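Chain residues, written in single-letter form:
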Amino acid sequence: MNTTTTISGWGSYPKQEAQVLTPPSCTALQSQAQTQPSLIVRGMGRSYGDSANASVVVQTTYCDHFIAFDASTGLLTAEAGIMLRDILQVIVAKGWFLPVTPGTSYVTLGGAIASDVHGKNHHVAGTFGQHVVSITMQLGTSEVVTTSPIQLPDLFHATCGGMGLTGVILSATIQLIPIQSAFITQKTIKADCIEAACEAFEANSTSTYSVAWIDCLAKGKELGRSVLMVGEHAESGGMNLTIKDPIAIPIHTPAALLNSMTMKAFNTAYCAKAKDNKIQTVPLMPYFYPLDAIGGWNKLYGKAGFVQYQFVLPKTDGVTNMRTILTQIAESGQGSFLAVLKQFGAANDNLLSFPIEGYTLALDFKMTPSTIPLLHKLDDMVADMGGRGYLAKDAVMREVSFKMTYPNWKQFESVRQKYGAIGKFASAQSKRLGLA
Amino acid sequence: MTKVLVIGATSAIAEHCARIWAARGDALYLVARNGERLQTIAADLKVRGSAQVNTYCVDLNDIDSHAALLDAADAAMGGIDTVLIAHGTLSNQKACEQSVDETLTEIKTNALSAISLLTLIANRFEAKRAGTIAVISSVAGDRGRASNYVYGSSKAMVTAFTSGLQQRLHKSNVSVVTIKPGFVDTPMTAEHKKGLLWAKPAAVAAKIVKAIDTKKSEVYAPAFWWAVMAVIKAIPSKIFKNVNL
């Protein structure tokens, strides 16, 4: 049957009519991918924009099996559709943790690889792809291959961060990290302005995890006022991982609600809880995935949806440039009240991977008629400063910005050409960005 | 550690039940038709914590094979504590209307094969005066409707049969749990448009495992289906004839 469904990314913008195929097994995924002339694979649909939108999408819902886990070495192999949440449920009790994790546990292994996601430990651990030992994937030619940093390395570096455009990731092996506790020891540091925040990141660069909440309403001297949270895996507290079901947000609500919620969250963190240098022990789940506690928080932005804008600026002049951009956002009066700031470590060899050494900021923009021109303007400013936007969150970037800020795109296309991916794997995003 | 026999182990609902049992460290014996998928699921359940996973590949419409499969499960696990009967097909109602063979095959798959297994398991459990038998029936068995009465009547037979078994085995300390899922978003229902009434297999599985743990006699999953079916059953036939369901 060829019935279509309206799909969108996590930001609910843009929407698209699509034929959604949900193969019941990995074998069926392979044959459906073989049959379709053009498709994009979709996991949990947690990328914000249109990177998993296409007129034919193939869901990995039922390709969610563990294949092997060696609790003595921390090597884990699983099918691409497994959620990080499910992986955690198994590995933490055995003394292992994900080497890199994004801010939600509701992403699939395949999605984490395709977006080459980063986490609060980017400055010391790099991206998710840097911990992938090997990937088994089906090419556009229907051939199934295994790729790793030493086996078909060109394919590997195009696939990690390749937004699903190089083939169908069937399964992958990752190297986990050992932990002694299901808790994190967190230290909170207040910073009165953007300069102080960046200095605090620098001063805490040996901390395993670091991230800051930044108040986008603050202006002038207080611009960039933030709360920095650094963390280390605790050494005691037990290995008991508590995974709670989220509170459901069943319907789209007026956007004002989210703003009051985020405001409250920040105020709580900044004014009440955030005593400078306060040290506390927090469980892994709320530490890494605070928003997972609210299922469907994206619906709080209303039906029109939102765009999450995340960009990175190179370290050189990074602080000054960040101040310029924050000023622009504050003047627009459109951004969310709250943003997330993080210092990135060095870039990697993956062709379309987002992070470069410097500072990254992520914030939400409710979708209105003036949002797109604003984001294009920000794209231009960021590009002039030598930075770029994150494809896993992007919904509006223009081809010209993409090709200027991701100079490896030509090499990416030649790898796709070599492995038969051109035309076969395409998303609304890849078309918008001018990829073949 | 409980020793669980899962019949129809590649069904999405059964697989999610097995994942819960695996996380508890239970021993699992998986029975299904598709050997390749059984192997995938077995490897997965081992990683999820199952103490022991064995598989058995069989077409359950081969009724004569049932005794052998029960013997094999018993031998492999050193006894059976719980059985989940979850196999079935969602009948193509229109095709059944045009074909006696198709109709009887569907009834064989969804009712007769389950009845055969239930008969054998009931006698074994009755003899050892212990065990739990859970059977996935369906809300569709509560009242035949034009859109799926072949499937529905098969499930009605399963429901009536388990109701009788419940009474018979109660005095032998054997519990029989009849499970009536509503619309569940699984590969079996891939062709159906999903709406508000649809549940995820993981949620239905959690409900089933809880019903088995607490030895409930009958459970609608999700629970609101009890009310929906109460209304559907209460409609007088005279009116029901004119309703499009």
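A short tour of the structure in this document, coming up. (Residues numbered from 1 in each chain as written. Chains lettered and ligands numbered in written order. Predicted model: local features only at pLDDT ≥ 70, side-chain atom pairs only at ≥ 80, totals over all residues.)

For the rest of this paragraph, the subject is the sheet that holds strand β2 (residues 15-21) of chain A. All names here are of chain A. With mixed pairing, the 4 strands of this open sheet are ordered in space as β1-β2-β4-β3. Strands with a single pairing partner mark the edges of an open sheet, and in this sheet they are β1 (5-8) and β3 (40-42). Strand-to-strand twist in this sheet, taken as the mean axis angle between neighbours without regard to direction, amounts to 55 degrees. (Pairing = 2+ DSSP bridges. Helix = DSSP H or I, 4+ residues; strand = E, 2+ residues; numbered from the N terminus. Axes fitted to C-alpha atoms, helices over the stretch in contact; angles between N-to-C directions.)

What follows is about the nonpolar core. Residue and element names in this part refer to chain A. Within the largest apolar cluster, 133 residues are counted, with the highest numbers of intra-cluster contacts made by Ile 113, Ala 197, Ala 212, Leu 228 and Val 307. If you tally residues by element for this core, the top one is strand β18 (residues 306-314), at 6 residues. Ignoring anything within four residues of it in the chain, the contact list for Ala 212 reads Ala 191, Ala 197, Ser 226, Val 227, Leu 228, Met 229, Leu 341 and Lys 342. (Core = buried A, V, L, I, M, F, W, Y, C linked by C-beta atoms within 7 Å. Buried ≥ 20, exposed ≤ 12 C-beta atoms within 10 Å, placed from the backbone. Contact = placed C-beta atoms within 7 Å.)

Before going further, it helps to spend a moment on helix α2 (residues 84-91) of chain A. Along an α-helix, residues three or four apart share an orientation, since each turn contains 3.6 residues. Within α2(A), 6 of the 8 residues are buried, which leaves the element mostly enclosed by the surrounding structure. Of the surrounding secondary structure, the elements contacted by the buried residues of α2(A) are β5 (66-70), β6 (75-79), β7 (96-97) and α3 (109-114) of chain A together with α2 (35-47) of chain B.

Right, let's get into the interface of chain B and chain A. Taken together, the contacts link 12 residues of chain B with 13 residues of chain A. Among the residues forming the side of chain B that touches chain A, the class breakdown is 5 nonpolar, 1 polar and 6 charged. (Nonpolar A, V, L, I, M, F, W, Y, C, P; charged D, E, K, R; others polar.)

Right, let's get into the packing of helix α6 (residues 194-203) of chain A against helix α9 (residues 318-332) of chain A. Residue and element names in this part refer to chain A. Taken N-terminus to C-terminus, the directions of α6 and α9 make an angle of 135 degrees; their axes are 10 Å apart at the nearest point. One way to sum up the angle between α6 and α9 is to call them oblique. You can see that α6 and α9 cross each other, and the crossing is right-handed. Together, Ile 194, Glu 195 and Cys 198 of α6 and Val 319, Met 322, Arg 323 and Leu 326 of α9 make up the contact between the two elements. Counted by class, the contact of α6 with α9 contains 5 nonpolar, no polar and 2 charged residues. (Parallel < 35°, antiparallel > 145°, perpendicular 65-115°, else oblique. Left-handed = near helix turned anticlockwise from the far one by under 90°.)

This part is about the pairing of β1(A). On a regular strand, each side chain points to the face opposite its neighbour's, so the side chains alternate between the two faces of the sheet. All names here are of chain A. In terms of strand pairing, β1 meets β2 through 4 bridges, oriented antiparallel. Residue pairing across strands places Ile 7 opposite Gln 16, the latter belonging to β2. Between β1 and the antiparallel strand that follows it, β2, lie 6 residues; Ser 12 among them carries a positive phi value of about 60 degrees.

Residue and element names in this part refer to chain A. Locating Ser 353 in the fold gives a position in the loop between β19 (335-344) and β20 (358-366). By the C-beta count within 10 Å, which is 26 here, Ser 353 ends up buried. Not counting residues within four places of it along the chain, the set of residues in contact with Ser 353 comprises Asp 116, Thr 127, Gly 129, Cys 160, Gly 161, Ala 347 and Asn 348.

Residue and element names in this part refer to chain B. Between helix α3 (residues 66-77) and helix α5 (residues 100-128), the least distance of the axes is 10 Å, while the angle of their chain directions is 45 degrees. When the axes of α3 and α5 are compared, the pair comes out oblique. Here α3 runs over α5; the crossing is right-handed. Residues His 66, Ala 67 and Leu 70 of α3 form the contact with α5, whose own contacting residues are Ser 116, Leu 117, Leu 120, Ile 121 and Arg 124.

Each neighbour pair has its own omega, and for A:Tyr13 with A:Pro14 the value is -10 degrees, a cis peptide bond. The topology assignment puts A:Pro14 in the loop between β1 and β2. Between B:Ala221 and B:Pro222 the backbone carries a cis peptide bond, its omega angle lying at -10 degrees. Note that B:Pro222 resides in the loop between β7 (218-221) and α8 (225-234). With a phi close to 60 degrees, A:Ser12 is a non-glycine residue in the positive phi region. Tracing the backbone through its elements, the reader meets A:Ser12 in the loop between β1 and β2. One non-glycine residue, B:Lys215, lies in the positive phi region at around 55 degrees.

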